[in-house]
2 protein chains.
Amino acid sequence: MDNQFEFFMPTKICFEAGISKKVDKYISGKNVLIISDPFLYQSGVAKQIGEGMSGKNVAYFSDVEPNPSCESVDKAAEVARAINADCVIGLGGGSALDISKIVSCLVTNEGSIYDYYSGGSRTLSKRQATLVCIPTTAGTGSEVTNVGVYTNKKAGIKMPMVNNEFWPDYSIIDCELTYTLPAPVTASTGMDAFCHAIEAYWNKASQPICDMLAIGAMKLILDNIKTAYSEPTNKEARAAMIKASLIAGIAFSQTRTTGIHALSFPLTTEFGANHGTACSITLPAFIKISGQQAEAKMKALTDYLGFESLEKFSEAIEELMKGMNMPVRLHQIGVKETDLEHITEVGLGAAIIQLTPAEMNKETVYKLLKSIL
Amino acid sequence: MDNQFEFFMPTKICFEAGISKKVDKYISGKNVLIISDPFLYQSGVAKQIGEGMSGKNVAYFSDVEPNPSCESVDKAAEVARAINADCVIGLGGGSALDISKIVSCLVTNEGSIYDYYSGGSRTLSKRQATLVCIPTTAGTGSEVTNVGVYTNKKAGIKMPMVNNEFWPDYSIIDCELTYTLPAPVTASTGMDAFCHAIEAYWNKASQPICDMLAIGAMKLILDNIKTAYSEPTNKEARAAMIKASLIAGIAFSQTRTTGIHALSFPLTTEFGANHGTACSITLPAFIKISGQQAEAKMKALTDYLGFESLEKFSEAIEELMKGMNMPVRLHQIGVKETDLEHITEVGLGAAIIQLTPAEMNKETVYKLLKSIL
């Protein structure tokens, strides 16, 4: 796709340690809704941001759960409408950011998310509220994509929703917000960011701008994730990780992801693995087969990152994950051999799986999963 | 600046061989003004694009000269107002694109460019017309910046104007438009793109997203410029060059340029050198001193590009330029020793010169110019 591509990422990125306390200056609205998970609300982080805003009416919605459900979206939208929000701030990991995207639209689009998503027939009209995303993990990349992922609990599926109204107006990137991340979250979200970068790079819809960003992001992550994991307040490592996550986000915002993310959906909804773990658990296996249809590109990548071969690269990633106490075999997250056929089927149901640079069918996907059971 | 930066580039980029014939689908307006230089009009390129638009009123302004003057801007604005343009297309090198930026604003902002620029006191209000930029050289990068450079003939100065209304809505990148570029233009515009990339990279306002893009763009140029120069219809080389120019443009759109561009202004306005030549003629000398304040970064760059040292890098660039029959000494473009003091003064008058990673004052700039007299 190198000779035919598009690039569009209209979000303004503001990156600075401590910037989240100054978010006030980016907001022209009066009625602000800050959406976060319960922890960020109870620990005072959300309030600190809200209290930094002078002369504004600030409300909070803090019932965001991991892998947010459509029901949570509708509850948050009710609050946003009740305060007539002209600014919605998503604060958190991917879940809070994703909810903020759809809620900023639903303020002026009546009805439920189900009317617009997963079989709904309505189309979101132009967003009126300012949308600000403030990531608190270094992994999601959601702050620079036009994608929100929501779980339809009725149907038991997790599905991405792509909409040009979802590009945040501002992404406020403050590495200080990640200092308190627990080590396992640093590991899993950091590896999620790595997946975003490598999936953008080897993607059948890859393109040169994103390739350059993806390569840079991967190097930053490999150079810094261990330090961020073991020294949570290491400013340089934390800044590097959230920078890498942001840059990987820009990369996959244009290309979408591939098999790793496709297979992560059932591993999360049905086996409860967190998103980063559900992605990275198949990463080493996907690296091994990525040479099938992207041989030259993967050779250039391993050369740049300093690995002798895809096999060695795959092994190094697995060792890195083990060193951060991440599961590297499916049985560690409760998957049994009898589950593999079903996971294969659900994974193949996600269109993005066909962007993987390798033949993806019932046999090959089953074989890949079996190899890491 | 790596730990404090912003990024904002809201233009939609569409890259495809032959795409300029299909520009119709990006335009919702009715009254289209296509701005180009006389050659692109007479050779039929502008008309080919205009005739590809069904059901639109298309007018042409083809009086664009190199280093466009404020007078040309005002003439084009008159035409745009007369047809009530709701879409302005800039087609050409930097000159046509730069004129299209300000003209797209002047349609609904009364008065002359002098009212808004170079001492003028008015502020441009929000642009109403769609702005589309279609580069026909691989060098300017103007298609992805919010900068226009205009020559104030009365004052005899060439000055950049920066405005957020200048971000094009669409950049349509069609390598086929560059097949007919004469070899000297391929050389000078390609080296201009290289300057954009390296000036973004070593800039005191550099930042990681642009660094990754700049490195990638430099490598693309070094790998392809000679082929594009000697085989004008080599599709791969032409696509690589216009891609590199685009990517270098994104990089310097965020950081601005440095001493190379600052010194190019007098070399163009007073000695008639074309922009790419006026920039690249000082490039080897600037490379030599770039280690002063950007040692580690320049070491990483030379390692990546495969040069032993800055000295060798500088020599290689000079050889490359010589191989494309470009001047590499100031006397070749008519500069005498007695001119150096004046050039130094004018160069130091451009604020961007202080973004160079080396001490820039009367002594150092004079010395640099003297070394390449």
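Since we're looking at a predicted model, the values are computed, not measured.

A.B. asks: Describe the UniProt feature "domain: Fe-containing alcohol dehydrogenase-like C-terminal" (unreviewed entry) in chain A, listing the residues and the values that go with them.
C.D. replies: Under the local residue numbering, the UniProt record ascribes the feature "domain: Fe-containing alcohol dehydrogenase-like C-terminal" (unreviewed entry) to residues 186–372 of chain A. The distance separating the terminal C-alpha atoms of residues 186–372 of chain A is 23 Å; by composition the span is 72% helix and 0% strand.

A.B. asks: I'd love a proper account of the nonpolar core, names of residues and values included.
C.D. replies: Ranked by size, the top nonpolar core spans 172 residues in total, and within it Phe-313 of chain A together with Phe-313 of chain B carry the most contacts. Setting aside residues no more than four positions away along its own chain, Phe-313 of chain A makes contact with Phe-194, Ile-198, Ile-287, Met-298, Leu-301, Thr-302, Leu-305 and Phe-307 of chain A.

A.B. asks: Break down the packing of aromatic side chains for me, with residues and values.
C.D. replies: Within the structure shown, the criterion is met by 15 aromatic pairs over all chains. Considering the side-chain rings of Tyr-304 of chain A and Tyr-304 of chain B, the 6.1 Å spacing of their centres and the 90 degrees angle between planes classify their relative orientation as edge-to-face. A residue pair is termed interchain when its members come from two chains, as with Tyr-304 of chain A in helix α11 (residues 291–305) and Tyr-304 of chain B in helix α11 (residues 291–305). Assessed through its relative accessible area of 35%, Tyr-304 of chain B is described here as partly exposed. Centre to centre, the rings of Tyr-117 of chain B and Tyr-150 of chain B are 5.7 Å apart; their planes meet at 90 degrees, and the pair counts as edge-to-face. Highlighted residues: Tyr-117 of chain B in the loop between α4 (94–106) and β5 (130–135) and Tyr-150 of chain B in strand β6 (residues 147–152), separated in sequence by 33 residues. A relative accessible area of 0% means that Tyr-150 of chain B is categorised as buried. Aromatic ring contacts, followed pair by pair, group Phe-194, Phe-307 and Phe-313 of chain A into a single cluster. Above the face of the Tyr-114 of chain A ring, Lys-154 of chain A is positioned so that its terminal group lies 4.0 Å from the ring centre. Sitting over the ring of Tyr-201 of chain B, Lys-297 of chain B keeps its end group 4.6 Å from the ring centre.

A.B. asks: Please provide a residue-by-residue account of the environment of Tyr-26 of chain A, values included.
C.D. replies: Mapped onto the elements of the fold, Tyr-26 of chain A is located in the loop between β1 (4–16) and β2 (31–35). Look at Tyr-26 of chain A and you get buried, because its relative accessible area is 11%. Once residues lying within four places of it in the same chain are set aside, the contact partners of Tyr-26 of chain A are Cys-14, Ile-19, Tyr-170 and Ile-172 of chain A together with Glu-6 of chain B.

A.B. asks: Go over the side chain of Ser-112 of chain B with me, naming the residues and quoting the values.
C.D. replies: Residue and element names in this part refer to chain B. With respect to the secondary-structure elements, Ser-112 resides in the loop between α4 and β5. Its relative accessible area of 17% is what places Ser-112 among the buried residues. There is a polar contact of 2.6 Å between the side chain of Ser-112 and the side chain of Asp-74. Of note is the side chain of Ser-112, whose polar atom sits 2.9 Å from the backbone nitrogen of Tyr-114.

A.B. asks: Report on helix α14 (residues 362–371) of chain B, specifying residues and quantitative values.
C.D. replies: All names here are of chain B. Taken as a whole, α14 has its buried residues at Val-365, Leu-368 and Leu-369. Axial view of α14: buried residues confined to an arc of 95 degrees, hence all on one face. Exposed and oriented more than 90 degrees from the buried face of α14 are Glu-363 and Lys-367. Residues of α14 that are buried make contact with α8 (259–271), α10 (283–289) and α13 (340–349). Sitting at the amino-terminal end of α14 is Asn-361, which places a side-chain oxygen 3.0 Å from the backbone nitrogen of Glu-363.

A.B. asks: Got a sec to walk through the interface of chain A and chain B? Specific residues and values, please.
C.D. replies: Listed by partner, the interface residues are 31 residues for chain A and 31 residues for chain B. Inspection of the region where chain A meets chain B yields two salt bridges. Across the contact surface, chain A and chain B share eight residue pairs in polar contact (both at pLDDT 80 or more). Counting residues per element, the ones that place at least two in the side of chain A that touches chain B are β1, α6 (208–230) and α7 (235–255) of chain A. For the side of chain A that touches chain B, the element with the most residues is β1 of chain A, which contributes 13 residues. Within the side of chain A that touches chain B, the residues separate by chemical class into 21 nonpolar, four polar and six charged. Relative to strand β1 (residues 4–16) of chain B, β1 of chain A runs antiparallel, the two sharing nine bridges. Each residue of the ladder has a partner; that of Phe-15 of chain A, found in β1 of chain B, is Phe-5 of chain B.

Rules behind the numbers
- Residues numbered from 1 in each chain as written.
- Chains lettered and ligands numbered in written order.
- Predicted model: local features only at pLDDT ≥ 70, side-chain atom pairs only at ≥ 80, totals over all residues.
- Heavy atoms only, no water.
- UniProt positions renumbered as here; feature names shortened; annotations may be inferred.
- Helix = DSSP H or I, 4+ residues; strand = E, 2+ residues; numbered from the N terminus.
- Core = buried A, V, L, I, M, F, W, Y, C linked by side-chain atoms within 4.5 Å.
- Buried < 20%, exposed > 50% of the residue type's maximum accessible area, 1.4 Å probe, protein only.
- Contact = heavy atoms within 4.5 Å.
- Phe/Tyr/Trp six-rings, centres within 6.5 Å; stacked < 30°, edge-to-face > 60°.
- Lys NZ or Arg CZ within 6 Å of the ring centre and 35° of its normal.
- Polar contact = N/O pair within 3.5 Å; in protein donor to acceptor, adjacent residues only side chain to side chain.
- Arc of directions from axis to C-beta.
- Salt bridge = Lys/Arg side-chain N within 4 Å of Asp/Glu carboxyl O.
- Nonpolar A, V, L, I, M, F, W, Y, C, P; charged D, E, K, R; others polar.
- Pairing = 2+ DSSP bridges.

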